[in-house]
Amino acid sequence: VQLVESGGGLVQAGGSLRLSCAASGRTFSSYGMGWFRQAPGKEREFVATISWSGGNTYYADSVKGRFTISRDNAKNTAYLQMNSLKLEDTAVYYCAADRRLGPVSIVRSDYDYWGQGTQVTVSS
């Protein structure tokens, strides 16, 4: 599976962006999908995850109520809608696919495939 993120960019604080993660292959609909981010000098951290069906989602406390993860299995694409962006949301955002047939995960090592990342920069 290859994952390609898009939609990053420069936005003012309080603004919105929607990230997309396009997946190759015919098994996308069986994978849990997650978004992680990495700010300069920091560890990569969990942001949000969604089950294969889209029925279960989970968010980091820092983005809850502002970000929404979704997926369109017909388009092999996952999304991250980011609203009310803050300076501290600045990071490289990565999407990832989880082959496990289990509950959604916030653990990096549970994800098998990763995209190359897309930069999100929030300015004041």
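Heads up: the structure comes first, above all this text.
**Q** Can you tell me about the side chain of Glu5, naming the residues and giving the values?
**A** In this structure, Glu5 sits in strand 1 (residues 3-6). Within the buried set, Glu5 has no salt-bridge partner at all; the shortest N-O distance to an opposite charge, 7.3 Å, is to Arg44. Separated by 3.0 Å, the side chain of Glu5 and the backbone nitrogen of Gln116 make a polar contact. Among the polar contacts listed, one links the side chain of Glu5 to the backbone nitrogen of Gly117, at a separation of 2.9 Å. When residues no more than four places from it in sequence are discounted, the contact partners of Glu5 are Ser20, Cys21, Trp35, Tyr93, Tyr94, Cys95, Gly115, Gln116, Gly117 and Thr118.

**Q** Requested: an account of the pattern of salt bridges, with residues and values cited.
**A** All told, the structure shown has eight salt bridges when counted by the stated rule. The residue Arg108 makes a salt bridge to Glu43 at a minimum N-O spacing of 3.7 Å. Placement of the pair is Arg108 in the loop between strand 9 (91-98) and strand 10 (113-114) and Glu43 in the loop between strand 4 (32-38) and strand 5 (45-50), with a sequence separation of 65 residues. Residue classification places Arg108 among the partly exposed positions, given a relative accessible area of 39%.

**Q** Tell me about the state of the cysteines, and name the residues and values.
**A** Summed over all chains, the structure comprises one disulfide. Here Cys21 pairs with Cys95 through a disulfide, and the sulfurs are 2.0 Å apart. Its S-S torsion of about 60 degrees marks the bond between Cys21 and Cys95 as right-handed, since a negative value means left-handed. Remark: Cys95 occurs in strand 9 and Cys21 occurs in strand 3 (residues 17-23); sequence separation between them is 74 residues. Note on accessibility: Cys21 and Cys95 belong to one class, buried.

**Q** For unusual backbone geometry, give the residues involved together with the corresponding values.
**A** Phi angles above zero are rare outside glycine, and Asn76 is one such case at about 55 degrees. For Ser84, which is not glycine, the phi dihedral falls at a positive 50 degrees. Within the secondary structure layout, Ser84 lies in the loop between strand 8 (77-82) and strand 9. Ser84 sits in the partly exposed class, given a relative accessible area of 41%.

**Q** Tell me about the packing of aromatic side chains, and please be specific about residues and values.
**A** This structure, assessed with the given rule, holds six aromatic pairs. Geometrically, the ring pair formed by Phe36 and Phe46 is edge-to-face, given 5.8 Å between the ring centres and 75 degrees between the ring planes. Here Phe46 lies in strand 5 and Phe36 lies in strand 4, a separation of 10 residues in the sequence. The pair formed by Phe36 and Phe46 is uniform in burial state, with each residue classed as buried. An aromatic cluster is defined as three or more aromatic residues linked by ring pairs; in this entry it consists of Phe36, Phe46, Tyr58, Tyr111 and Trp114.

About the cut-offs
- Residues numbered from 1 in each chain as written.
- Predicted model: local features only at pLDDT ≥ 70, side-chain atom pairs only at ≥ 80, totals over all residues.
- Heavy atoms only, no water.
- Helix = DSSP H or I, 4+ residues; strand = E, 2+ residues; numbered from the N terminus.
- Buried < 20%, exposed > 50% of the residue type's maximum accessible area, 1.4 Å probe, protein only.
- Lys, Arg positive; Asp, Glu negative; His and termini not counted.
- Salt bridge = Lys/Arg side-chain N within 4 Å of Asp/Glu carboxyl O.
- Polar contact = N/O pair within 3.5 Å; in protein donor to acceptor, adjacent residues only side chain to side chain.
- Contact = heavy atoms within 4.5 Å.
- Disulfide = S-S within 2.5 Å.
- Phe/Tyr/Trp six-rings, centres within 6.5 Å; stacked < 30°, edge-to-face > 60°.

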